[in-house]
Amino acid sequence: MAAIDFEAAARYLKGLAPVAGYVRASEGLVVEARGVSGGEAENLAAWATQLVRRARRELGLGDPAAAVFHSPERDVAVAASGGDSIIVISKPGFGEPLLRAITGEGPRCGRCGADLSWAVILCPRCGARLPFSATHCSECGATLHWRRCPHCGAVVDDGGRPARLRERLLAPAARSLPGGGSRGPRGAHS
Ligand SMILES: [Zn+2]
Ligand SMILES: [Zn+2]
């Protein structure tokens, strides 16, 4: 994992439909909170800092560290680097795609090689903004098989694998945007 750009991550999260809120913390103190009340933000910041410290000590978790906690109502994703962390509250099933984006571990386009970690797709049914590797819409429940690479236009699945011709003809591909992050097509073919 590369170092985490927490400011870019926060910008990315702001526009996404499945994100209920997030807290950025440094050394256990709240740096920024959105969609989370003051008291809850403080609790989350302290909890995440303790959690990461313990995981590093007891499980030998490296840096950056990332984990998702699932409940029926929501996912809580934590990404940490050094003393800084970000805690993201989202609809169920979105913790992992959001963490992959934040940590830069998202899919790469199987055709052009572009890093799609920070790309966004628009639900073809309701227009909701979703992380690139979402497999369903958090708002209307639509299943999302295909999406277009924002760099080369290839129709790919949630892992960046290109669709075969028959698959391209059978299912619509969601429109995609490069996204709010600052990561470009890192590793693209030159
Ligand atoms: Zn591409
Ligand atoms: Zn939708």
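Computed from a predicted model, the values in this text were never measured in an experiment. (Residues numbered from 1 in each chain as written. Chains lettered and ligands numbered in written order. Predicted model: local features only at pLDDT ≥ 70, side-chain atom pairs only at ≥ 80, totals over all residues.)

A. Looking closely at the overall build of the chain. When its secondary structure is counted, the chain shows four helices and ten strands. Secondary structure elements of the chain occur, N-terminal to C-terminal, as α-β-β-α-β-β-β-α-β-β-β-β-α-β. At 17 Å, the chain has a C-alpha radius of gyration in line with the 16 Å of a compact globule built from 190 residues. Along the three orthogonal principal directions, the C-alpha set of the chain runs to about 50 × 35 × 25 Å. Long-range contacts, defined as pairs at least 24 residues apart, comprise 55% of the intrachain contacts of the chain with a sequence gap of at least 6. (Helix = DSSP H or I, 4+ residues; strand = E, 2+ residues; numbered from the N terminus. Rg over C-alpha atoms; globule rule 2.2 N^0.38 Å. Contact = placed C-beta atoms within 7 Å.)

B. Up close: the pairing of strand S2 (residues 29-34). The sheet contact formed by strand S1 (residues 19-26) and S2 spans five bridges and is antiparallel. Counterpart to Arg24 in the pairing with S2 is Glu32. Hairpin connection, S1 to S2: the antiparallel pair is bridged by two residues, and Glu27 has positive phi, about 50°. (Pairing = 2+ DSSP bridges.)

C. Spotlight on the sheet that holds strand S4 (residues 75-81). Pairing is antiparallel in the open sheet, where five strands are placed in the order S2-S1-S5-S4-S3. With one partner strand each, in any of the chains shown, S2 and strand S3 (65-70) form the two edges of the open sheet. Within the sheet, the average angular offset between the axes of one strand and its neighbour, ignoring direction, is 15°. Contacts from helix H2 (residues 38-59) reach S1, S2, S3, S4 and strand S5 (84-90) within the one sheet, and its direction differs from that of S1 by about 65°. (Axes fitted to C-alpha atoms, helices over the stretch in contact; angles between N-to-C directions.)

D. Expanded view of the environment of Ser176. Among the secondary structure elements, Ser176 is positioned in strand S10 (residues 173-177). Assessed through the 20 C-beta atoms surrounding it within 10 Å, Ser176 is described here as buried. Taking the C-alpha atoms as reference points, Ser176 and Gln50, separated by 126 residues in sequence, lie 37 Å from one another. (Buried ≥ 20, exposed ≤ 12 C-beta atoms within 10 Å, placed from the backbone.)

E. Region of the structure containing the domain arrangement of the chain. Partitioning the chain into domains gives domain 1 (6-101) and domain 2 (107-179). Put simply, the middle of domain 1 and the middle of domain 2, counted by C-alpha atoms, are 25 Å apart. Listed by partner, the interface residues are twelve residues for domain 1 and twelve residues for domain 2. Looking at the side of domain 1 that touches domain 2, the element that brings in the most residues is helix H3 (residues 95-102), giving four residues. (Domains from an automatic or database assignment.)

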